[in-house]
Amino acid sequence: MKVKDLMSTVVEFATPTTSAKDAAHQMHETHVGALPVVDDEKVVGMITDRDICCKVIATGHSAGRTPLDEIMSKDVATCFEDDDIGEATSLMVDKHVRRLVVVNHDNKLVGLLSIDDLARGSHDMASSILEASAQLH
Amino acid sequence: MKVQEIMSTNVETVMPNVSLRAAARKLSNFNVGALPVVDDGKLLGIITDRDVSVYAIAIGRDPQNTEVQTVMTKNVITCYEDQNITEAAQIMEAHNIRRLTVLNRNDEIAGFLTVDDLAPVSHELAGAVLQAVTPLH
């Protein structure tokens, strides 16, 4: 089975200059917890609802005046849409992440693959990722 | 297997009248995604990293001047610590959630049971819970 068989293809995204406030509105309206951050058609980061909690709300910064560039994760775990889901699972286990950005061979964003998506294909693969990240703490 | 054998017992709580900013600091400092809201030993609700960031911003609340009780989830889904983990997983599936607040038979908070706790003992139960929840990317 390939990544593209399980990934979510409707992908909302933000840009590095989008404010944390606008990103929060976007996450709320589209019922997502993470947005890829895209600049000039390349994925340059990832922002989650937890990033906004810990790096904006907890620190007392203004959500309207904080661009995503300042708070996003820049080390984004990425796979190709035609990768085997076993490879994608290994990548998530190794990097201790629960979602991957999926790109095509032009490096353009085509989807996201989360453990929830993986669970539809294999309970074992999804659970092995949870076990790997649990060992961190 | 009983819930109490695999649940996390180290649960931080928060008072209903603290600010969203204070709750965000606690969520960040203790590296947790949710806090039970407790007053005088009574469980009043749950507040998550998403509630204090995405939800609060979406409804236009100032994090410094908004109390936890205005944005918390009041209908808390619970199970008992002496219930079987299969029953607990079924409760999670039925409510599309990946975290359960665990009570003892005096209805006091005993811990949290998450899909991460289920994975090491049963890939099937953890996978089924993941598959049931609405994907939150």
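Let me begin by describing the structure that accompanies this report. Everything numeric here is computed off the predicted structure, so don't read it as measured data.

Here we come to the interface of chain A and chain B. Tallying the contact residues gives 34 residues for chain A and 32 residues for chain B. In terms of residues, the side of chain A that touches chain B owes the most to one element, helix α6 (residues 123–134) of chain A, which gives seven residues.

Looking now at the pairing of strand β2 (residues 42–48) of chain B. Residues and elements named next belong to chain B. Bridging between strand β1 (residues 34–39) and β2 involves six bridges; their strand directions are antiparallel. Opposite proline 36, over in β2, you have isoleucine 46 as the bridge partner. Between β1 and β2, which pair antiparallel and follow one another directly, the connecting turn spans two residues, one of which, aspartate 40, has a positive phi of 55°.

Let's shift gears to the sheet that holds strand β3 (residues 78–80) of chain A. Residue and element names in this part refer to chain A. The mixed open sheet is built from three strands, whose spatial order is β3-β4-β5. Two strands lie at the open edges of the sheet, namely β3 and β5 (109–114), each paired on one side alone. Direction aside, neighbouring strands of the sheet carry axes that sit 35° apart on average. As judged from the three bridges shared by β3 and strand β4 (residues 99–103), these two strands associate in the parallel manner. Of the residues in β4, the one forming a bridge with cysteine 79 is valine 102. Along the sheet, helix α4 (residues 85–95) makes contact with β3, β4 and β5, crossing β4 at roughly 135°.

Here the focus is helix α2 (residues 20–30) of chain A. Listed as buried for α2(A) are A:Ala20, A:Ala23, A:Ala24 and A:Met27. Looking straight down α2(A), one finds its buried side chains confined to an arc of 105°; they lie on one side. Pointing more than 90 degrees away from the buried face of α2(A) are the exposed residues A:Glu29 and A:Thr30. Elements that come into contact with the buried residues of α2(A) comprise β1 (34–39), β2 (42–48) and α3 (49–57) of chain A together with α3 (49–58) of chain B. After α2(A) finishes, the residue A:His31 shows a positive phi value of roughly 55°.

With that settled, the discussion passes to the packing of α2(A) against α3(A). All names here are of chain A. Orientation of α2 relative to α3, taken along the N-to-C sense of each, is 145°, at an axis distance of 10 Å. The way α2 lies across α3 gives a crossing that is left-handed. Listed contacts from α3 to Ala20, Ala23, Ala24 and Met27 of α2 are Asp49, Ile52 and Val56. Here the contact of α2 with α3 is composed, by residue class, of six nonpolar, no polar and one charged.

The next thing to look at is the sheet that holds strand β4 (residues 99–103) of chain B. Residue and element names in this part refer to chain B. Taken in spatial order, the three strands of this open sheet run β3-β4-β5, and their pairing is mixed. Looking at strand neighbours, the two that pair on one side only are β3 (78–80) and β5 (109–114), the edges of this open sheet. Going across the sheet, the axis of each strand differs from the next one's by a mean of 35°, ignoring polarity. Note that β3 and β4 share three bridges and pair parallel. Counterpart to threonine 78 in the pairing with β4 is threonine 101.

Rules of the game
Residues numbered from 1 in each chain as written. Chains lettered and ligands numbered in written order. Predicted model: local features only at pLDDT ≥ 70, side-chain atom pairs only at ≥ 80, totals over all residues. Contact = placed C-beta atoms within 7 Å. Helix = DSSP H or I, 4+ residues; strand = E, 2+ residues; numbered from the N terminus. Pairing = 2+ DSSP bridges. Axes fitted to C-alpha atoms, helices over the stretch in contact; angles between N-to-C directions. Buried ≥ 20, exposed ≤ 12 C-beta atoms within 10 Å, placed from the backbone. Arc of directions from axis to C-beta. Left-handed = near helix turned anticlockwise from the far one by under 90°. Nonpolar A, V, L, I, M, F, W, Y, C, P; charged D, E, K, R; others polar.

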